[in-house]
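What follows is the residue order along each chain.
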Amino acid sequence: MSEQDLPPARHRLLKEHLMTEIRREERRLSRGRLRPALVGAAVAAVAAIAVTVAVPSGSTSQPHASQEATALLGHIALAAEHEKAPAGIRDDQFVYLKSRTAFTVSENGGPAKLQPVHDREVWQSVDGTRKGLLEENTPDNEHVSLGTKGKKAGERSTYYRDLAKLPTGTEAMHDWLYRVSADEVDAERPDGNDAAFMLFADLIQESLMPPEVGAALYRAAATIPGVDVVHDAKDLTGREGIAITRTTGQEKVQLIFDQKTYAFLGERVYDLHGTSMGGTSIITRAVVDKAGERP
């Protein structure tokens, strides 16, 4: 398998759904696309923003996120804000993420089939200047070098240093999500809210998010129309949680969080009939000294 670059974001349903152009392009193809009180105060602030932020034109969704989703995202944002950032993280280190994953894949033009659940490990350069690594326990046992030294990753980058440059205010993050995802809006998929939600979903997965940026991202997600809540959701490994959900195109996307800690557990994707199209369970996030090293 040839070397791939690692500027981020992916579009669902393929095994290489790393938050990079690799992941994004494969998921496009698999979709068939051409392309307490303190908490209360935080939730109230998010709710106010959700009502006042303008909804982009072209939306076919409900006019705002549900009140329950707004409240839940307020809790998640507050938890993210109080996460401790890695101490002394260096540019020459790597963000390590282990997950278990399975997505619907069509091979050689045959019918789409759900992959067996398998392990996936990613090592991503902290500053994007060093080659990362992807190892996926598929029948092909993929071992892929990721990233090109010195190459710019673009605005969708999930390199830790690039994420640290993102807005930390809710309105500014909202504007950033819609502006950066605008290239996903076209005649076939005209809803800019779909694109903004998918970019949000991409960003929180195979990455290590600086606390203040993560908090802004979750609060901005509460301003995306059509976002709702699913109770008693389960991630791919059976862990129970509560999900932020939205129907985007022909998919129902669930982003599942622990009901007590609000830690992100993983993603499930269903078709409009409720049939599973796959998902990802996040197992470990850490910072290590070199690609291939495990914490």
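Calculation rules
Residues numbered from 1 in each chain as written. Predicted model: local features only at pLDDT ≥ 70, side-chain atom pairs only at ≥ 80, totals over all residues. Heavy atoms only, no water. Helix = DSSP H or I, 4+ residues; strand = E, 2+ residues; numbered from the N terminus. Areas by Shrake-Rupley, 256 points an atom, 1.4 Å probe, with all protein chains shown as cover. Salt bridge = Lys/Arg side-chain N within 4 Å of Asp/Glu carboxyl O. Buried < 20%, exposed > 50% of the residue type's maximum accessible area, 1.4 Å probe, protein only. Phe/Tyr/Trp six-rings, centres within 6.5 Å; stacked < 30°, edge-to-face > 60°. pLDDT = per-residue confidence, 0-100. Contact = heavy atoms within 4.5 Å. Pairing = 2+ DSSP bridges.

Visitor: Help me understand the overall build of the protein, please; the structure alone is not making it clear to me.
Guide: Across its full length, the protein carries seven helices and ten strands. Split by element, the accessible area of the protein, about 12,800 Å² in all, is 52% carbon and sulfur.

Visitor: Would you mind showing me how to read the pattern of salt bridges here?
Guide: Inspection of every chain in the model, using the stated rule, returns 17 salt bridges. In this structure, Arg-100 engages Asp-119 in a salt bridge whose closest nitrogen and oxygen atoms are separated by 3.0 Å. Here Arg-100 is found in strand β1 (residues 94-105), whereas its partner Asp-119 is found in strand β3 (residues 118-125), with 19 residues between them in sequence. Accessibility expressed as a relative area gives 26% for Asp-119, which makes it partly exposed. Residue Glu-135 pairs with Arg-294 through a salt bridge whose shortest N-O separation is 3.1 Å. You can see Glu-135 sitting in strand β4 (residues 132-136) and its partner Arg-294 sitting in the segment after β10 (276-288), a full 159 residues away along the chain.

Visitor: I tried to follow the packing of aromatic side chains on my own but got confused; where do I start?
Guide: To describe a pair of aromatic rings, one takes the distance between the centres and the angle between the planes. Counted according to the given criterion, the structure contains five aromatic pairs. Here Tyr-218 and Phe-257 contribute two aromatic rings whose centre-to-centre distance is 5.7 Å and whose plane-to-plane angle is 80°, an arrangement assigned as edge-to-face. Of this pair, Tyr-218 sits in helix α7 (residues 211-221) while Phe-257 sits in strand β8 (residues 251-257), placing them 39 residues apart in sequence. Judged by centre distance (5.4 Å) and plane angle (55°), the rings of Phe-257 and Phe-264 are tilted. Each of the two residues, Phe-257 as well as Phe-264, counts as buried.

Visitor: Explain the confidence of the model for the protein here, please?
Guide: Caution applies to low-pLDDT parts of the model: their predicted coordinates are not meant to be read in detail. Per-chain confidence: the protein averages 79 in pLDDT, with 73% of residues scoring 70 or above. Confidence drops under pLDDT 50 across residues 1-62; counting only partners more than four residues distant or on other chains, this segment forms 200 contacts.

Visitor: What's the story with the pairing of β10 in this structure? I'm lost.
Guide: Each regular strand shows side chains that alternate between the opposite faces of the sheet. Pairing geometry for β1 and β10, over ten bridges, is antiparallel. Counterpart to Arg-100 in the pairing with β10 is Ser-281. Two elements, strand β9 (residues 264-271) and β10, share five bridges in a ladder whose sense is antiparallel. Note that in β10 the partner of Glu-267 across the bridge is Thr-280. If you look at the hairpin formed by β9 and β10, you'll find four residues sitting between the two strands, and Gly-274 has a positive phi there, around 90°.

Visitor: How should I be thinking about the environment of Asp-258 in this particular structure?
Guide: In this fold, Asp-258 is placed in the loop between β8 and β9. Judged by its relative accessible area of 23%, Asp-258 falls in the partly exposed class. As a C-alpha pair, Asp-258 and Ala-233 span 25 residues in sequence and 9.8 Å in three-dimensional space. For Asp-258, the contacting residues outside a window of four places in its chain are Ala-263 and Leu-265.

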